[in-house]
Amino acid sequence: MDPLDALDDTVAAAAFRRLVRHLQHRSDAENIELMGLAGFCRNCLADWIRDAGFAGDKAQARAVIHGMPFEEWKAKYQAEATPEQLARMEASLKKNAPGH
């Protein structure tokens, strides 16, 4: 059994909430940078909670993760992505593919 699967759901939920609060606090860590380094970002987390059964739509899921409507977060904290950031993101996303 994968040790992650043995993790109690209450513990996992608390850790997830802590991660989301950390990302809400660290608005200086832009989504494009997260994508370039780790292959996921706040928007991915919003998609993942929907995949896990969150009843809201995409906008509602993003508001949960961002702590405010996405368009508001984007206007406050998101700069235009540079070509270098986009290239890092594309390279990072390739690592997400199965078998990489």
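Attention in this report is confined to the structure presented alongside it.

### A few points about the nonpolar core
Thinking step 1. With 13 residues, the main nonpolar core has Met-35, Cys-41, Leu-45 and Ile-65 as its most contacted residues.
Thinking step 2. For this core, the secondary structure elements donating two or more residues are α2 (9–25), α3 (31–38), α4 (42–51) and α5 (58–66).
Thinking step 3. With 4 residues, α4 is the single largest residue contributor to this core.
Thinking step 4. Filtering out sequence-adjacent residues up to four positions away, Ile-65 remains in contact with Phe-16, Val-20, Gln-24, Arg-42, Leu-45, Ala-46 and Ile-49.

### Regarding the packing of α4 against α5
Thinking step 1. Remark: α4 packs on α5, axes separated minimally by 8 Å, with the N-to-C direction vectors making an angle of 120°. Comparing their axes, α5 and α4 come out oblique. The two elements α4 and α5 cross, and the hand of that crossing is right-handed. Contacts between α4 and α5 involve Arg-42, Asn-43, Leu-45, Ala-46, Asp-47, Ile-49 and Arg-50 from the first element and Lys-58, Ala-61, Arg-62, Val-64, Ile-65 and His-66 from the second.

Definitions and limits used
- Residues numbered from 1 in each chain as written.
- Predicted model: local features only at pLDDT ≥ 70, side-chain atom pairs only at ≥ 80, totals over all residues.
- Heavy atoms only, no water.
- Core = buried A, V, L, I, M, F, W, Y, C linked by side-chain atoms within 4.5 Å.
- Buried < 20%, exposed > 50% of the residue type's maximum accessible area, 1.4 Å probe, protein only.
- Helix = DSSP H or I, 4+ residues; strand = E, 2+ residues; numbered from the N terminus.
- Contact = heavy atoms within 4.5 Å.
- Axes fitted to C-alpha atoms, helices over the stretch in contact; angles between N-to-C directions.
- Parallel < 35°, antiparallel > 145°, perpendicular 65-115°, else oblique.
- Left-handed = near helix turned anticlockwise from the far one by under 90°.

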